[in-house]
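In case you want the letters, here they are:
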Amino acid sequence: MEKYDIVIIGGGPAGLGAAIEAKKQGITKVLVIERDIELGGILQQCIHNGFGLHIFNEELTGPEYAQRFIDMAREENIDILLDTIVISISKDKKIKAMNTTGVLNIEAKAIVLAMGCREKTRSSIAIPGDRPAGVFTAGAAQRYINIEGYMVGKKVIVLGAGDIGMIMARRIVLEGGEVLAVLARGSIVKGLTRNIVQCLDHYNIPLLYNHNITKITGKERVESVTVAQTDEKKEVIPGTEKVYECDTVLLSVGLIPENELSRIAGIEIDRKTSGPFVNESMETSIPGIFACGNVVHVHDVVDFVTEESRRAGANAARFVKGEKSESESMNTIVSGGITYCVPHRIRYSAMPDKLDLFMRVENKYDKATIVINNQGNELVRFKKTNLTPGEMIKQSVKKSLFEKAKGDIEITLEVGGSK
């Protein structure tokens with residue numbers, strides 16, 4: 001049985017950020033377990049720029065951003081296991097893993113979960129039709145082109161206007177392919193506004209709102225897709241079908257936090273985020289097991305992942321040192337158009353002077369106000385403009401606001417003009 005102070009599961013930006021911060025807090029025995037053959041996670045295939053503006057005050061590509069943290073991890077002499085799959089974790093923080101050497105049993109004083117997220121596939125959205133080659137998730141296509149060096153297709157339809165889908169639409173065009181259209185299944189784009197402009201508008205790629213694929217046709221390879229308009233309930237409008245001849249379909253229809261290990265351990269999961277419930281310290285429902293990054297909730301900016309992971313790493317270190325907070329938790333309850341808030345629970349005594357709240361809205365709003373109440377008393381309000389479901393809200397709040405708060409913290413959205 002190998003023994004460590006802190007074990008981090010996942011060697012992407014979240015896992016590396018947590019590991020480095022734990023080391024800086026004086027923890028000597030830190031281990032990162034990564035299932036891939038190299039560190040860096042999904043960033044290694046994200047060769048476009050736009051990373052690092054918040055953390056490094058410069059614009060980096062995904063591999064450049066990842067390399068900064070890989071270098072820091074090496075400087076801190078953090079132990080790393082690559083090409084290693086974690087099979088299970090337990091409430092008493094025992095880890096079972098496996099690699100080419102066999103089964104590994106590891107015991108930790110604290111664990112940080114940083115497994116990231118995975119893409120929804122065709123089976124998740126049940127597209128009818130044939131089952132030919134040529135249907136990829138956008139992330140899989142990104143890996144084929146950027147890492148493996150294979151072009152996935154020449155005439156492409158992208159279903160779903162998520163960030164990866166829009167980025168890959170541009171990538172296909174840059175590699176000499178043709179993107180017939182990007183289909184948004186609703187009236188709202190789930191990705192960042194900047195990607196609509198930089199990836200679609202600048203390359204004259206059509207973005208069709210309220211459209212969905214109703215059939216995929218092809219024997220050995222995709223030959224065509226049938227596309228139809230949809231109503232407000234995303235139901236197909238009969239008579240609007242149109243056939244597009246193409247050889248490839250890319251799916252960008254959502255991401256799901258990877259929480260199989262969390263469920264095995266018995267960690268409480270939020271149905272809205274599909275990630276663990278966490279408090280202000282990024283600690284889950286099991287004391288000493290922390291979580292950060294896309295395993296908690298899907299982020300749109302990697303710099304926010306890093307900020308969150310540093311908080312998880314620092315608090316895991318405090319747990320190992322015996323610095324525990326016994327104060328009562330206040331739940332963050334959302335309403336009025338806000339879909340969730342992370343952290344889900346706040347302990348006043350464990351709060352930093354400023355705490356970042358991460359939220360998403362369920363619709364698109366020109367003007368709105370986020371109001372934070374406690375037992376009917378208004379604590380603070382923040383005016384916002386141009387809120388969309390595709391862009392996460394990061395709102396800093398002062399610890400002093402919650403000094404006299406008791407019970408649940410209610411966070412609601414007062415809408416002043418929506419579209």
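Placed above this text is the structure.
Anyway, here's the lowdown on the structure attached to this text.

Thresholds, definitions, all that
Residues numbered from 1 in each chain as written. Predicted model: local features only at pLDDT ≥ 70, side-chain atom pairs only at ≥ 80, totals over all residues. Heavy atoms only, no water. Helix = DSSP H or I, 4+ residues; strand = E, 2+ residues; numbered from the N terminus. Rg over C-alpha atoms; globule rule 2.2 N^0.38 Å. Buried < 20%, exposed > 50% of the residue type's maximum accessible area, 1.4 Å probe, protein only. Contact = heavy atoms within 4.5 Å. Areas by Shrake-Rupley, 256 points an atom, 1.4 Å probe, with all protein chains shown as cover. Phe/Tyr/Trp six-rings, centres within 6.5 Å; stacked < 30°, edge-to-face > 60°. Lys NZ or Arg CZ within 6 Å of the ring centre and 35° of its normal. Expected span 1.5 Å × (residues − 1). Pairing = 2+ DSSP bridges. Axes fitted to C-alpha atoms, helices over the stretch in contact; angles between N-to-C directions. 1 Å grid on protein atoms, 1.4 Å probe; cavity = no way out; pocket = protein on both sides within 12 Å on 5 of 7 lines; lining within 4 Å. Points joined across faces, edges and corners; volume = space filled by probe spheres on them. Nonpolar A, V, L, I, M, F, W, Y, C, P; charged D, E, K, R; others polar. Patch = residues over 30% accessible without salt bridge, like charges linked within 9 Å, V, L, I, M, F, W, Y side chains within 5 Å. Salt bridge = Lys/Arg side-chain N within 4 Å of Asp/Glu carboxyl O.

What follows is about the overall build of the protein chain. From N to C terminus, the protein chain includes eight helices and 27 strands. The globule rule puts the C-alpha radius of gyration for 419 residues at 22 Å, and the 22 Å found for the protein chain is close to it. Along the first, second and third principal axes, the C-alpha atoms of the protein chain reach 65 × 60 × 40 Å. Sorting the 419 residues of the protein chain into buried and exposed places 55% on the buried side. Counting contacts in the protein chain only where the partners sit at least 6 residues apart, residues at least 24 apart contribute 63% of the total. In the form shown here, the protein chain has an accessible surface area of approximately 19,100 Å², with 46% of it arising from carbon and sulfur atoms.

Attention now moves to the packing of aromatic side chains. Across all of its chains, the model carries six aromatic pairs by this definition. Ring plane angle 75° and centroid distance 5.8 Å describe the contact between F136 and Y144, whose orientation is recorded as edge-to-face. The rings of F56, Y65 and F69 are connected pair by pair, giving a single aromatic cluster. A cation over a ring is seen here: K29 above Y4, with NZ or CZ 4.8 Å from the ring centre. Between K399 and the ring centre of Y348, over which it is positioned, the NZ or CZ distance is 4.9 Å.

Okay, helix α2 (residues 62-75) next. Counted at 1.5 Å a residue, the expected span for α2 with its 14 residues is 20 Å, and the 20 Å between its end C-alpha atoms agrees. Of the surrounding elements, those touching the buried residues of α2 are α1 (13-24), β3 (49-51), β4 (60-61) and α8 (302-320). Just downstream of α2, N77 is the residue with a positive phi angle, here 55°.

Our focus in this paragraph is the environment of A161. Summarising the element assignment, A161 is placed in the loop between β11 (155-159) and α5 (163-174). Linking A161 and L208, residues 47 residues apart in sequence, is a C-alpha distance of 9.3 Å. Beyond its immediate stretch of four places on either side in the chain, A161 contacts M166, V182, L183, A184, V189, K190, G191, L207 and S252.

Ordered in space as β22-β20-β27-β24-β25, the five strands form an open sheet in which the pairing is mixed. Each end of this open sheet is capped by a strand with a single partner; those strands are β22 (345-347) and β25 (377-387). With strand direction ignored, the average angle separating the axes of adjacent strands in the sheet is 25°. Here strand β20 (residues 329-335) runs beside strand β27 (residues 409-415); their pairing, made up of four bridges, is parallel. Note that in β27 the partner of S335 across the bridge is T412.

Another aspect to go through is the layout of surface pockets. Each pocket or cavity is described by its volume, and for the second largest pocket that value is around 420 Å³. Forming the boundary of the second largest pocket are 21 residues, of which N279, S281, E283, S325 and R347 lie nearest the centre. At the level of elements, α8 and β22 are the ones that each hand at least two residues to the lining of the second largest pocket. The greatest single-element share of the lining of the second largest pocket, amounting to three residues, is contributed by α8. Its residues placed into classes, the lining of the second largest pocket shows seven nonpolar, seven polar and seven charged.

Here we come to a nonpolar patch on the surface. Nonpolar side chains collect at one region of the surface, where I85, I87, M98 and V103 lie side by side and expose about 340 Å² of accessible area between them. Secondary-structure assignment places M98 in strand β7 (residues 94-99).

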